[in-house]
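The primary structure of each chain is shown beneath.
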Amino acid sequence: MKVYFVVKEPSKRTINHFVSSLGNALQKQGCEVVYGLKLLWTDEVLSYDIIHFQWPEGLFGLFGHQVTDEELKRVNQRLVWLKEHGKKIFYTCHNLRPHTNKNENLLCLYELICNNADYIHHLGNYSCELLQQKYPKARHIVIPHHIYDDVYSFSITREEARNRLRLPGNKKIVLSFGKFRNERERDFVLEMQQALGRSVLFLMPGFYRETLHTWNPIKFITRLYHTIRYKLKGIRFCNEAIPDDLMQCYFCAADVVLIQRLDILNSGNLPMVFHAGKVVVGPDVGNVGPILCDTGNFTFDPHDMRSAVSALQNALEATSKGGENKTYATEHWSSERIAASLLKYYQQALYRET
């Protein structure tokens, strides 16, 4: 079977391993898998059995791209052409809408892909139930987010990880990974930190990513102010993206991982935390909340600070939960198992009677 993932081709600089890891697992099961954006616009695309879209905002290369009317029309014509030639279109629902890009045509692009998808792949039941009503022509399937077991081993000890990152060995550490998207997320975490006190170290590499390198004096002063303010409050953060070798150190050094999103559908950090054998605290929203509840982890109401502080305190005391999470992830979310589930639906799409 030949599968085409409509995404920018993965490279050594790729931060999100979702597609490449899944592609590797599919290849081990006999599929031919290719990636790229140019192939979509060539006749060669017809030689592939499955056309699998991921993030609509990445369809033209840059996630901040402002989709034009002409580009939207071009995608629509291409989708119609693919379906006329009997191609099976899959779409993985990572988000219900773009995180920051509010371009109206991008929202239409989401609609366009969903309306033309033969199968919509959900990472949890929440989005499946929500979109089944909106897009009844598609077949909706739920396959969980896989772990990146071909990329990370998380075999570093807690002590080794803390030594490498120069972190204290005698403190509880709460990690939040990924770039904070807005002031609301930062303020929420700062209030949690204030409630727990300085005995808990908040390790948040993406808390504030604005670099001081700018020729604009107003921006420089603003960024310097925030950098100093956040550091004085005791938040550990940095201005650079974390490379893969250090990524494991951050997770292995932590006691608890906090998913800091207040408005979220899915989180790639969730399976990462499970794979690393750590306890998770996250908002009871989207697909994230039910997964955490079903696995006995800790959730909070993003509109209730008391519930967030309580959840984090309980998580810091749940010493055995991390090991249970690791076992669960290995048994249920391995890339091999998830790829096998997806492959069954690929085969169903190709061979079922229409």
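Here, every reference points to the structure presented above.
Residues numbered from 1 in each chain as written. Predicted model: local features only at pLDDT ≥ 70, side-chain atom pairs only at ≥ 80, totals over all residues. Heavy atoms only, no water.

Draft legend 1. Molecular detail of the state of the cysteines. Following the criterion strictly, the structure yields zero disulfides and no others. Free of any disulfide, Cys-238 has its nearest cysteine sulfur in Cys-249, 13 Å distant. Look at Cys-238 and you get buried, because its relative accessible area is 16%. (Disulfide = S-S within 2.5 Å. Buried < 20%, exposed > 50% of the residue type's maximum accessible area, 1.4 Å probe, protein only.)

Draft legend 2. Layout of the sheet that holds strand β9 (residues 256-258). Within the open sheet, the five strands sit side by side as β8-β7-β9-β10-β11. Their pairing is parallel. One side of each edge strand has no neighbouring strand; the edge strands of this open sheet are β8 (200-203) and β11 (298-300). Neighbouring strand axes in the sheet, compared pairwise and without regard to direction, differ in orientation by 25° on average. (Pairing = 2+ DSSP bridges. Helix = DSSP H or I, 4+ residues; strand = E, 2+ residues; numbered from the N terminus. Axes fitted to C-alpha atoms, helices over the stretch in contact; angles between N-to-C directions.)

Draft legend 3. Molecular detail of the side chain of Glu-71. Mapped onto the secondary structure, Glu-71 falls in helix α2 (residues 69-84). Of the polar contacts made by the side chain of Glu-71, one reaches the backbone nitrogen of Thr-68; its length is 3.0 Å. Those residues in contact with Glu-71, other than ones at most four positions away along the chain, are Phe-60, His-65 and Gln-66. (Polar contact = N/O pair within 3.5 Å; in protein donor to acceptor, adjacent residues only side chain to side chain. Contact = heavy atoms within 4.5 Å.)

Draft legend 4. Spotlight on unusual backbone geometry. Unusually for a residue other than glycine, Phe-154 sits at a positive phi of about 50°. Inspection of the secondary structure puts Phe-154 in the loop between β6 (139-142) and α5 (158-165). Since its relative accessible area comes to 6%, Phe-154 is described here as buried. In this structure, Arg-166 takes a positive phi of about 60° despite not being glycine.

Draft legend 5. Just the packing of α5 against helix α8 (residues 244-253), in detail. At their nearest, the axes of α5 and α8 sit 8 Å apart, and the two run at 120° to each other. Relative to α8, α5 is oriented oblique. When you trace α5 past α8, the crossing you get is left-handed. Residue-level contacts link Arg-158, Ala-161, Arg-162, Arg-164 and Leu-165 of α5 to Asp-245, Leu-246, Cys-249, Tyr-250, Cys-252 and Ala-253 of α8. In terms of residue class, the contact of α5 with α8 is built from seven nonpolar, no polar and four charged. (Parallel < 35°, antiparallel > 145°, perpendicular 65-115°, else oblique. Left-handed = near helix turned anticlockwise from the far one by under 90°. Nonpolar A, V, L, I, M, F, W, Y, C, P; charged D, E, K, R; others polar.)

Draft legend 6. Molecular detail of empty space enclosed by the protein. Within this structure, the stated rule accounts for one cavity of 30 Å³ or more. Within this model, the largest cavity holds a volume of roughly 80 Å³. A per-class count over the lining of the largest cavity returns seven nonpolar, four polar and no charged. (1 Å grid on protein atoms, 1.4 Å probe; cavity = no way out; pocket = protein on both sides within 12 Å on 5 of 7 lines; lining within 4 Å. Points joined across faces, edges and corners; volume = space filled by probe spheres on them.)

Draft legend 7. Molecular detail of the sheet that holds strand β5 (residues 119-122). With respect to topology, six strands assemble into an open sheet ordered β2-β1-β3-β4-β5-β6, the strand pairing being parallel. Pairing within the sheet leaves two strands with one partner each, and these edge strands are β2 (32-35) and β6. Here the strands of the sheet are splayed against their neighbours by 25° on average, with no regard to which way each runs. Of the strand pairs in this sheet, strand β3 (residues 50-53) and strand β4 (residues 88-93) are connected by four bridges, and their pairing is parallel. Of the residues in β4, the one forming a bridge with Ile-51 is Ile-89. Sheet strands touched by helix α4 (residues 125-134): β4, β5 and β6. Its angle to β6, the strand with the most contacts, is close to 170°. Strands β1 (2-6), β3, β4, β5 and β6 of the sheet are contacted by helix α13 (residues 335-351), whose axis makes an angle of about 150° with β4.

So far we have only geometry, and geometry alone does not tell us how the molecule works.
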